[in-house]
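# Descriptive structure summary
Residues per chain, in single letters:
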Amino acid sequence: MIQIADIREWRSHNVVDPGGRRIGALEAIYVDTSTDEPAMATVQIGLPTRQRLVFVPLDGAVVGPDYVKVGYDRALVKKCPAIGTDDVLPAADEPAVFAHYGLTYRPGANGERQLARR
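Here is a short report on the structure shown in this document. (Residues numbered from 1 in each chain as written. Predicted model: local features only at pLDDT ≥ 70, side-chain atom pairs only at ≥ 80, totals over all residues. Heavy atoms only, no water.)

Once that is clear, we can look at the overall build of the protein chain. Regarding its fold elements, the protein chain presents 3 helices and 8 strands. Helices and strands in the protein chain line up, N terminus first, as α-β-β-β-β-β-β-α-β-α-β. What you see for the protein chain is a C-alpha radius of gyration of 13 Å, in line with the 13 Å of a compact globule of 118 residues. With the C-alpha coordinates aligned to their principal axes, the bounding extent of the protein chain is approximately 40 × 30 × 25 Å. The buried share of the protein chain, taken over its 118 residues, is 38%. By sequence separation, contacts in the protein chain at least 24 residues apart represent 48% of the contacts at least 6 residues apart. In the form shown here, the protein chain has an accessible surface area of approximately 6,500 Å², with 50% of it arising from carbon and sulfur atoms. Between the mean site of the 14 positive side-chain charges and the mean site of the 15 negative ones, the protein chain shows a separation of 7 Å. (Helix = DSSP H or I, 4+ residues; strand = E, 2+ residues; numbered from the N terminus. Rg over C-alpha atoms; globule rule 2.2 N^0.38 Å. Buried < 20%, exposed > 50% of the residue type's maximum accessible area, 1.4 Å probe, protein only. Contact = heavy atoms within 4.5 Å. Areas by Shrake-Rupley, 256 points an atom, 1.4 Å probe, with all protein chains shown as cover. Lys, Arg positive; Asp, Glu negative; His and termini not counted. Charge placed at Lys NZ, Arg CZ, Asp CG, Glu CD.)

What follows deals with the packing of aromatic side chains. Evaluated as defined, the whole model comprises 3 aromatic pairs. Between Tyr 72 and Tyr 101, the aromatic rings sit 4.9 Å apart at their centres with planes inclined by 65°, giving edge-to-face as the arrangement. Note that Tyr 72 is positioned in the loop between strand S6 (67-69) and helix H2 (74-78) and Tyr 101 in the loop between helix H3 (94-100) and strand S8 (115-117), a separation of 29 residues in sequence. (Phe/Tyr/Trp six-rings, centres within 6.5 Å; stacked < 30°, edge-to-face > 60°.)

Okay, unusual backbone geometry next. When glycine is set aside, most residues are seen to have a negative phi, and most peptide bonds are trans. Positive phi outside glycine occurs at Ser 12, with the angle close to 75°. Following the sequence through the fold, Ser 12 ends up in the loop between helix H1 (7-10) and strand S1 (14-16). A relative accessible area of 57% means that Ser 12 is categorised as exposed. Of note, the phi angle at Asp 36 is positive, near 60°, even though the residue is not glycine. Structurally, Asp 36 is set in the loop between strand S2 (22-32) and strand S3 (38-45). By relative accessible area, Asp 36 is classed as partly exposed at 36%.

Printed below as a string of structure tokens:
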């Protein structure tokens, strides 16, 4: 399990897929609001003039000295619903991110978001 205390050290690390192919740079970590455990990361991808952030689940992720290896293929991650580099994921768009990876979306009992940025 990846420890939440290490989050600050991950920022700007390369995010790579299981084959070691670079996806982009880690921008932020989102925790599951029900457990406060790291659940997803945003990865900065694109050309310098057209960058965007995509989400990737952290289940099974491995942290190396200068990378975070995720359990999802680069092509799948790059097709995930994206936000601008200065944007925040709207609550209404969270289910689409989970659906992209075939994961179950579980909002809080009172409809709270499942993800929170750290």
